[in-house]
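Architecture at a glance
For reference, the chains in residue letters:
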Amino acid sequence: MKKHTYSTGIIGNCAFLAHVNKNTNIEWLCWPRFDSTFIFGGLLDNEKGGEFSILPEGKFTSHQYYMENTNVLVTEITLENGNSYRVSDFAPRFHQSQRYYKPLMLIRKVEAIEGSPRIRVKCEPVSEYGKVKLHVNRGSNHIQYLGGEENIRLTTNIAISYVFDEQLFVLNEPKYLVLTYGEPLEAPLESTAERFLRETIQYWRTWIKHSSIATFYQPFVIRSALALKIHQYEDTGAIIAASTTSLPESPGSGRNWDYRYCWLRDTYYVITALNHIGHFEEMEKYFSYVTDISFAEDKRYQPLYGITAKKILTEEILTDLKGYEGNQPVRIGNQAYEHIQNDIYGQVLISLLPLYTDHRFVFSERKDSVRWIEFLLGKIEATIDEKDAGIWEFRNMADIHCYSNLFQWAGASAAEKMARTIDNKELVHRAISLKKRAAKHIESCYDPVRKVYTNAAKGTNLDASTLQLIMMNYLDPASDRAKDHLIALEKELKASNGLFYRYLYKDDFGKPKTTFLICAFWYVEALATVGRIDDAIKEFENLLQFSNHLLLFSEDVDEKDGSQWGNFPQAYSHVGLMNAAYRIAMKLDRPIFL
């Protein structure tokens, strides 16, 4: 059986993300925001999804790579006759006028490498998820696409007739294609595109130079950091789980979800990864996003929100799209926003702890501390004895979940530290009391015969999320209980090559068929935490084979053949890699050059 990997790379500028296939086609681009309709959606339907390709006539081979330490993607096409050309794709991002310039603009530079290749450009954007074909209006040096929310314009130095008629032409000098949404490019084309390319390359390389990344498998961590960065919607600070929707967790499973939203339950892991690489600007923007949600909520948090903190994310099924490789349904929106997920309050509290314990953050900027801590402790107090949908968002199952109570315990622990920092004894006592209540629930999940914590109170099923009992220091990593718990989990949930299942019991859609990549990276962290450092390194190295050709990782991996499945690239898989690499590097306390 042939291994399935995603054949796209991503480009972005913190305003939009696009997927570029190895065949040069822009397979996925949502405008004007991450959660908008796709303009190009060939990933889900190669007929109704539109196309933006730069292809030769006849057979060809392709080689795709990133310019080192950037989010500029290069695709090299070689024809059978030896002629070849290069397409450099990027989303402009750089400092201009004392702020970041990040327009809704996709730039493609096309240049010959060898010989005089003949190529054809096809640009056919769509709107309303493929329901609307845009009207094409030809200009002197541009083509306009009308009929969507805003005008889309393609500005180019290629003969407009060649693009308009999709006609082959000889590539004998560098050509530029600039696609814009709303505001067209009015500046000189060639010099502007070249300047934007230079400045974008410089921006990304400077951003990496200003990152604190240990030398342990550094190229993988750098690529993960660059991928994570462009999953942040800078306007609000939200970080989305993935830029795609409805890529199945496994073929025919029906587990096809829209991940273009921000899950608060992942806040701690994301903030931790950003903290490890020393990027406070992104952390502060994310803090602001979470704070805005917190003070707008008078009841309970949702598991996820839109990138502008939108609450209602009604799930729809688009029946007229074929779906990725024929996998349906295609969903937009996510019904999980209605779920009860009680780990969230603890996630937010521990994510905000650096504001109180890290002196790089100015103390005077911590406004409304008492109100803030009281608010979140009140949420924990109100939900601590409640059944919820758990981290995996079961649609028709509720329990007292070990993981939910762990984060309530951790959140109360963080609140205790914050309260001590601001010298509020009443809040200290309240936090300690809640820690004890949460711990009581966690202990109700312990199975003394198997020496393991189960997924829920008085349950029998095991769940990879309970690995966090070790990393969160609820269990002393040096204790036999922590080591026995890890052994029991790996015995039941570990797959070959270090892969790890979330769980193996039936949920609303049956039994999971693929492993969950972030759980495998949690397993690596747990191994390092309990001192099994050689095992941690071995398992970490095994996991690296499951990236695609650009070191990008999916959400799910098939144990049998190593195929990538689920939404792609999955920001949280990259967060898992970053945190696991950091944990190992800190344990080794010495540089490793690989």
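See the structure printed just above.
As a starting point, this report considers the structure included with it. (Residues numbered from 1 in each chain as written. Predicted model: local features only at pLDDT ≥ 70, side-chain atom pairs only at ≥ 80, totals over all residues. Heavy atoms only, no water.)

On to the pattern of salt bridges. As enumerated under the stated definition, the model contains 29 salt bridges in all. Here Arg430 makes a salt bridge to Glu381, at a shortest N to O gap of 2.9 Å. A residue pair is termed long-range when its members are at least 10 positions apart, and Arg430 in helix 10 (residues 425-443) and Glu381 in helix 8 (residues 369-383) qualify at 49 residues. For Glu381, a relative accessible area of 35% puts it in the partly exposed group. The shortest N-O distance in the salt bridge between Asp423 and Lys425 comes to 3.7 Å. (Salt bridge = Lys/Arg side-chain N within 4 Å of Asp/Glu carboxyl O. Helix = DSSP H or I, 4+ residues; strand = E, 2+ residues; numbered from the N terminus. Buried < 20%, exposed > 50% of the residue type's maximum accessible area, 1.4 Å probe, protein only.)

Turning our eyes to something else, we now look at the packing of helix 3 (residues 218-229) against helix 15 (residues 571-588). Contact geometry for helix 3 and helix 15: axes closest at 9 Å, N-to-C directions at 140°. One element, helix 3, and the other, helix 15, form an angle in the oblique class. The two elements helix 3 and helix 15 cross, and the hand of that crossing is left-handed. On helix 15, the residues that touch Phe220, Val221, Ser224, Ala225, Ala227 and Leu228 of helix 3 are Ala571, His574, Val575, Leu577, Met578 and Ala581. Residues belonging to the contact of helix 3 with helix 15 are distributed by class as follows: ten nonpolar, two polar and no charged. (Axes fitted to C-alpha atoms, helices over the stretch in contact; angles between N-to-C directions. Parallel < 35°, antiparallel > 145°, perpendicular 65-115°, else oblique. Left-handed = near helix turned anticlockwise from the far one by under 90°. Contact = heavy atoms within 4.5 Å. Nonpolar A, V, L, I, M, F, W, Y, C, P; charged D, E, K, R; others polar.)

Before going further, it helps to examine the sheet that holds strand 11 (residues 105-114). In spatial order, the strands read 6-7-8-11-19-17-16-15; together these eight strands make up an open sheet with antiparallel pairing. Edge positions in the sheet fall to strand 6 (60-66) and strand 15 (135-138), since each has one partner strand and no second. The average angle at which neighbouring strand axes cross in this sheet is 20°, direction not considered. When strand 8 (residues 84-90) meets strand 11, the two strands line up antiparallel, connected through seven bridges. (Pairing = 2+ DSSP bridges.)

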